[in-house]
Amino acid sequence: MDKKEKPVFVTGDRPTGKLHIGHLVGSLKTRVEMQDSGKYQSYIFIADMQALTDNAKNPEKIRESIMEVALDYLSVGVDPQKSTIFIQSQVPQLNELTVIFLNLVTLSRLQRNPTVKNEIKEKGFKDSIPVGFLVYPISQTADTTAFNATLLPVGEDQNPMTEQGREIVRTFNAIYGDTLVESTNVLPNKKDSMRLPGTDGKAKMSKSMNNCIYLSDTPEEIKTKVMGMFTDPNHIKVEMPGETENNTVFVYLRALATDEDIRQFAPEFETLKSLENQYRKGGVGDVKIKKLLLSIIEKILTPIREKRHYYEEHIDEVIKILEDGCEKARSVAQETLSKVRKAMGIEYFKDNALKKYYLETKKNK
Ligand code: TRP
């Protein structure tokens, strides 16, 4: 099959800090698997413009995180030979598409977007919502339509974004003719991978709460974090029955462990299910499950750490990858933008369009 005909997936991350293990199971893993399958054209980008929508006064924080995220991508296996890796702000075509789409969405529809609503509350904007922030679902639609993406490997919180994106595409196509394609999300297939909690059991991992396991953490940092993780607060003695459903260590195990890992590191149980059963009955200590989790995390992160080390020693290579990716992204986005402008009839100086419009109106008068 011709490369052009392969379905496209697009996904990105806001560069507001280093990526953590929640990003890995929530979307990085899926995108690397999709990339490696060879069935798709992939675009993976650092969403710095989107990050600025609520960080306008902290541009240095965003700037500093760009290389961190780029290194995270490369170290988890995003491969520049197979995927286009780029930085959002270097593709100005996305901004023009955004402005065009702004007219197709009402303010009340934006205010009803559950993810935006939630974030407004979390960030404490109250009546001072930056306009750019409120409209970021619209710019996100530009990010995906520009590359003709049909698939978006993202976390569950992005469902309302994609829903709103499809509405924009339908509205555009209904007014201006079939031009843009609709996309759907590809979510991780394990429920516990959807949103990994912090190591303290809080719903969200966040830098300020110091409850994240970063992909770039050292083995010592990870050991401290895992051994300090929350379990079942009522499971005080090894013999006592323990709870596994909301037990943070088990949530992580369900998201990360394969049965092969269990056989390798806890052969007496063979499967995660039988370990869980035994823990619920009593007789399995918290130190044991934490050590198991630690071994599994180290198994996952060791090759990632090695790759990261290579790229840290070859920063110019990383910069070249990003620069080339941005150039490719600009040229693809420009093709879409030209189609959009043509569909809208605003390519006035192409094919003598302006003169034709003038003569037609005169004729009709
Ligand atoms: N909103 C996404 C996040 O916070 C980042 C993002 C921006 C994105 N544009 C996108 C994801 C387009 C998928 C497709 O992580």
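Residues numbered from 1 in each chain as written. Predicted model: local features only at pLDDT ≥ 70, side-chain atom pairs only at ≥ 80, totals over all residues. Heavy atoms only, no water.

## Remarks on the site of the ligand
Inclusion rule: Only a single heavy atom is needed: when it lies within 4 Å of a molecule or strand, its residue is near that molecule or strand. Two N or O atoms form a polar contact when they lie within 3.5 Å of each other; inside protein one atom must be a possible hydrogen donor and the other a possible acceptor, and for residues adjacent in sequence the pair counts only when both atoms belong to side chains. In these tables, accessible area is a Shrake-Rupley quantity obtained with a 1.4 Å probe, and a residue counts as shielded only by the protein chains included in the view. Residue classes follow a fixed rule: Ala, Val, Leu, Ile, Met, Phe, Trp, Tyr, Cys and Pro count as nonpolar, while Asp, Glu, Lys and Arg count as charged, and any other residue, Gly among them, counts as polar.
Around the ligand sit Thr-11, Gly-12, Arg-14, Phe-45, Ala-47, Gln-50, Gln-140, Asp-143, Thr-144, Val-154 and Gln-158, and those are all the residues in its vicinity. The side chain of Gln-140 places a nitrogen or oxygen atom 3.1 Å from a nitrogen atom of the ligand. With respect to the ligand, the side chain of Asp-143 contributes an N or O atom lying 2.8 Å from a nitrogen atom. Its free accessible area being 360 Å², the ligand has 90% of it covered by the protein chains. For the shell around the ligand, the class distribution of residues is three nonpolar, six polar and two charged.

## Considering the domain arrangement of the protein
This is how the line gets drawn: Source of the domain bounds: an automatic or database domain assignment. The contact criterion used throughout is that any non-hydrogen atoms of two residues lie within 4.5 Å. Summed over both partners, the accessible area (1.4 Å probe) lost when two parts come together is defined as the buried area.
You can read the domains of the protein as domain 1 (3-195 + 315-361) and domain 2 (217-310). Using only C-alpha atoms to locate each centre, domain 1 and domain 2 end up separated by 35 Å. Each partner contributes to the interface: domain 1 provides 15 residues, whereas domain 2 provides 13 residues. Summed over both partners, the interface of domain 1 with domain 2 buries about 1200 Å², with 53% contributed by carbon and sulfur atoms. Summed over the shared surface of domain 1 and domain 2, the number is three residue pairs in polar contact (both at pLDDT 80 or more).

## A look at a nonpolar patch on the surface
The condition is simple: Any residue with relative accessible area above 30% and no salt bridge may belong to a patch, with like charges joined within 9 Å and the nonpolar Val, Leu, Ile, Met, Phe, Trp and Tyr side chains within 5 Å. In what follows, salt bridge is the name for a side-chain nitrogen of Lys or Arg lying within 4 Å of a carboxyl oxygen of Asp or Glu. Each helix is a run of DSSP H or I of at least 4 residues and each strand a run of E of at least 2, with the numbering of both proceeding from the N terminus.
On the surface, Tyr-348, Phe-349, Leu-354 and Tyr-357 cluster together into a nonpolar patch covering about 460 Å² of accessible area. By secondary structure assignment, the location of Phe-349 is in the loop between α16 (315-344) and α17 (353-364).

## A look at empty space enclosed by the protein
Rolled over the atoms, a probe with the dimensions of a water molecule shows which regions are left empty. Selection rule: Using a grid of 1 Å spacing that covers the protein atoms alone, one calls a set of points a cavity when a 1.4 Å probe fits there but cannot get out, and a pocket when the set is open and has protein on both sides within 12 Å along at least five of seven lines; lining residues are those with an atom within 4 Å of a point. Grid points are joined across faces, edges and corners, and a volume is the space filled by probe spheres set on the points.
One pass over the full model with this rule turns up one cavity of 30 Å³ or more. Considering only enclosed or pocket space, the largest cavity measures out at about 90 Å³ in volume. In terms of lining residues, the largest cavity is bounded by 14 residues, among which Thr-141, Thr-144, Thr-162, Gly-165 and Ser-183 are the most central. Residue assignment for the lining of the largest cavity shows that the elements contributing at least two residues are α8 (136-145) and α9 (159-176). The residue makeup of the lining of the largest cavity, split by class, is five nonpolar, seven polar and two charged.

## Here's the deal with the packing of aromatic side chains
Geometry of an aromatic ring pair is reported as the spacing of the ring centres plus the angle between the planes. What counts, and what does not: Only Phe, Tyr and Trp rings take part, Trp by its six-membered ring, and two of them pair if their centres are within 6.5 Å. Stacked means planes under 30 degrees apart, edge-to-face means over 60, and tilted covers everything else. Should the NZ of a Lys or the CZ of an Arg lie within 6 Å of a ring centre and within 35 degrees of the ring normal, that charge is described as sitting over the ring.
Counted under the stated rule, the structure contains 11 aromatic pairs. With a centroid separation of 5.0 Å and 85° between ring planes, the pair formed by Tyr-310 and Tyr-311 is classed as edge-to-face. Taken together through their ring pairs, the aromatic side chains of Tyr-43, Phe-45, Phe-86 and Phe-147 make up a single cluster. Over the ring of Tyr-136 we find Arg-14, and its NZ or CZ is 4.6 Å from the ring centre. The ring centre of Tyr-214 lies 4.6 Å from the NZ or CZ of Lys-18, which sits over that ring.

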